[in-house]
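# Chain and residue survey
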Amino acid sequence: MSERRTDAPAKLQVFRYRPSDGRIQAVIGDLDETLRSTDLVAYASDALSSETFVCHAVANDDEAVADELCFIPQGDHCDILSMRTRGWKRHHGDHRRSLVEILNTLAAAVACGKLRILDAEETRTESGAGDVLQEIAIADSGTLARARDAVQHALELSGIDADTCQRTTLCVSEALTNILLHGGGHGAMTVRRLPGRVRIVVADEGPGLNFLNWIEPPAIGGQASMGYGFKIILDNLDAVALHTCPEGTTLLLDRVVD
Amino acid sequence: MLSTSVAPGPAPTVFLSGEMDLDCADTLREAVAEAGRGAEAVVLDFSGVSFIDSSGTGIFVRLCLDLRSQGTPLAARNLTPAVRGVFDMLRVRDLVGEEVFPD
């Protein structure tokens, strides 16, 4: 993964609290002892009982403490997004987005049900659901068009209109480009048919999503930025699920069909 | 895959045809560099572009800014709905300026 120079490193972690077992599970990143488990449980319980999305800005006198914590009730559990910005702020006239904006985009997508953050077991189950329509290895930029064609073909067979089809292939292109630029350079795309939907599974064995790559707009560096690519994905698909860890990243891109 | 052809002149037009993604970078840069050599301006005609993503957009914006810094303005014409939609999503007009889009 290309390292981007920045004034301050940042980190996104996702945890899950289930009242049924009373524990905090790390879904993305490690559960850090500097985030007090009792605080997380208390805030998560509040969010669940009030059925309300809760955001806490945390003073970071100690740099190890998260700047923002979002608690998102999900019925039987609460998802917790933690963003450490370590004081990184957008300067006047700076086109880069603030990390808090990125967190808010993610948290809002989780809160409205557009984005699900999966753990490893959920990813294995959901990646294997339905019938395989197409499998394509992604190894270089020359495979992007072939992969888009495969998705378009599957969607056309499902009776999807041309505009929806085009928006879906755009999202697939963004996800696959991320593999080439940041996900180790190779991976796989599988198109699957599930009841009522077409699911495109995009997986790599790269080092995991680096959310610092999401800051820059694509035009500045002349290359794609998964930050904007990911926003395109969230804005244009019916449902998205994400699992990322140091061993790889998997995205499930769902298009509802009749 | 992207293919290009050039109508020469003081402000040559580079006609783009096909798909603009990460794969188009070299093709587009070479075509624009050649067309822009000694030119007063360069026009990119998007009427044949059926697909563009954020990588293709990034390459276009980079070219735009690079040519401008060399004193050669670039204009984009005949944007297809697919291109216009992605440019709007990525706020390309804010990045390169309205003057790039004389249509």
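Residues numbered from 1 in each chain as written. Chains lettered and ligands numbered in written order. Predicted model: local features only at pLDDT ≥ 70, side-chain atom pairs only at ≥ 80, totals over all residues.

## Some words on the overall build of chain A
- Scanning chain A for helices and strands turns up seven helices and eleven strands.
- Among the 258 residues that make up chain A, the fraction classed as buried is 43%. (Helix = DSSP H or I, 4+ residues; strand = E, 2+ residues; numbered from the N terminus. Buried ≥ 20, exposed ≤ 12 C-beta atoms within 10 Å, placed from the backbone.)

## Here's the deal with the nonpolar core
All names here are of chain A.
- With 94 residues, the main nonpolar core has Ile 80, Leu 81, Leu 176, Ile 200, Val 202, Val 240 and Leu 253 as its most contacted residues.
- Broken down by element, this core gets its largest block of residues, eight residues, from helix H5 (residues 162-182).
- Here this core gathers at least three residues from each of two domains, domain 1 (11-113) and domain 2 (120-256).
- With residues up to four places along the chain from it excluded, the contact list for Val 202 reads Ala 175, Leu 176, Ile 179, Gly 187, Met 189, Leu 251 and Leu 253. (Core = buried A, V, L, I, M, F, W, Y, C linked by C-beta atoms within 7 Å. Domains from an automatic or database assignment. Contact = placed C-beta atoms within 7 Å.)

## Considerations on the packing of helix H1 (residues 25-36) of chain B against helix H2 (residues 54-69) of chain B
All names here are of chain B.
- As a packed pair, H1 and H2 sit with axes 10 Å apart at the nearest point and diverge in direction by 25°. Considering the angle they form, H1 stands roughly parallel to H2. In this structure, H1 crosses over H2, and the sense of that crossing is right-handed. Here Ala 25, Leu 28, Arg 29, Val 32 and Gly 36 of H1 lie close against H2, whose contacting residues are Ile 59, Leu 63 and Leu 67.
- Residues belonging to the contact of H1 with H2 are distributed by class as follows: six nonpolar, one polar and one charged. (Axes fitted to C-alpha atoms, helices over the stretch in contact; angles between N-to-C directions. Parallel < 35°, antiparallel > 145°, perpendicular 65-115°, else oblique. Left-handed = near helix turned anticlockwise from the far one by under 90°. Nonpolar A, V, L, I, M, F, W, Y, C, P; charged D, E, K, R; others polar.)

## Notes on H1(B)
Residue and element names in this part refer to chain B.
- When the terminal C-alpha atoms of H1 are compared, their 16 Å separation across twelve residues agrees well with the 16 Å that a helix rising 1.5 Å per residue should span.
- For H1, every residue scored as buried is listed here: Ala 25, Leu 28, Ala 31, Val 32, Ala 35 and Gly 36. Seen along its axis, H1 keeps its buried residues to an arc of 150°; they face one direction. Seen from the open side of H1, the exposed residues pointing more than 90 degrees away from its buried face are Asp 26 and Glu 30. (Expected span 1.5 Å × (residues − 1). Arc of directions from axis to C-beta.)

## Structural notes on the interface of chain A and chain B
- Contacts between chain A and chain B engage 20 residues on the former and 19 residues on the latter.
- At the level of secondary structure, the elements contributing two or more residues to the side of chain A that touches chain B comprise helix H4 (143-157), H5, helix H6 (218-221) and helix H7 (226-236) of chain A.
- Top contributing element to the side of chain A that touches chain B by residue count: H5(A), with six residues.

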